[in-house]
Amino acid sequence: MPVNHIARWSDGGWTALGYGMGNPAVSALAVAGDTLLAGGYFDSVSGLGVSPLVLWNGQEWFEPDEGISGWVSAMAVMGS
C-alpha cells in the first residue's frame, strides 16, 4: 500500500494519512493534544503546496495559520 512518506499503525496494519507527503521526506513528528504535527523536507501534502510544517487532525492535513520558511529537522511541544 503506498503511503507517501507517512503512515499510521492501527488495528494490526498500516494506513496512509491522506495522500501523504511530497518528496523528499518527513523528518520530525510531535503530538499536541489530538493533533499530529509533521515537519520535514517536503513542499506538498495530499497534492497541495504547503510550507514544511503541517498538522493532521485525524481526518485531513492542514497548515497552521502562519507557515514557516526553510525546513524542519526537529520539533518539541511545550506546555502543560
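The structure contained in this document is the topic of the report that follows. Everything quoted here is computed from the prediction, not taken from an experiment.

**Looking at the pairing of strand 4 (residues 35–42)**
Argument step 1. When you tally the buried positions in strand 4, you get six out of eight residues, the bulk of the element.
Argument step 2. Of the pairings in the sheet, the one linking strand 3 (residues 24–32) to strand 4 comprises eight bridges and is antiparallel in character. Looking across to strand 4, one finds that Ala25 is bridged to Tyr41.
Argument step 3. Taking the residues between adjacent antiparallel strands as the criterion, strand 3 and strand 4 are bridged by two residues, where Gly33 takes a positive phi near 65°.
Argument step 4. Where strand 4 lies against strand 7 (residues 53–56), four bridges are found, and the strand directions are antiparallel.

**What to know about the pairing of strand 1 (residues 7–10)**
Argument step 1. Alignment of strand 1 against strand 2 (residues 13–16), held across four bridges, turns out to be antiparallel. Within strand 2, the position partnered with Ala7 by the bridge is Ala16.
Argument step 2. Between the end of strand 1 and the start of strand 2, which pair antiparallel, lie two residues, with Asp11 showing a positive phi angle near 55°.

Criteria and thresholds
- Residues numbered from 1 in each chain as written.
- Predicted model: local features only at pLDDT ≥ 70, side-chain atom pairs only at ≥ 80, totals over all residues.
- Heavy atoms only, no water.
- Buried < 20%, exposed > 50% of the residue type's maximum accessible area, 1.4 Å probe, protein only.
- Helix = DSSP H or I, 4+ residues; strand = E, 2+ residues; numbered from the N terminus.
- Pairing = 2+ DSSP bridges.

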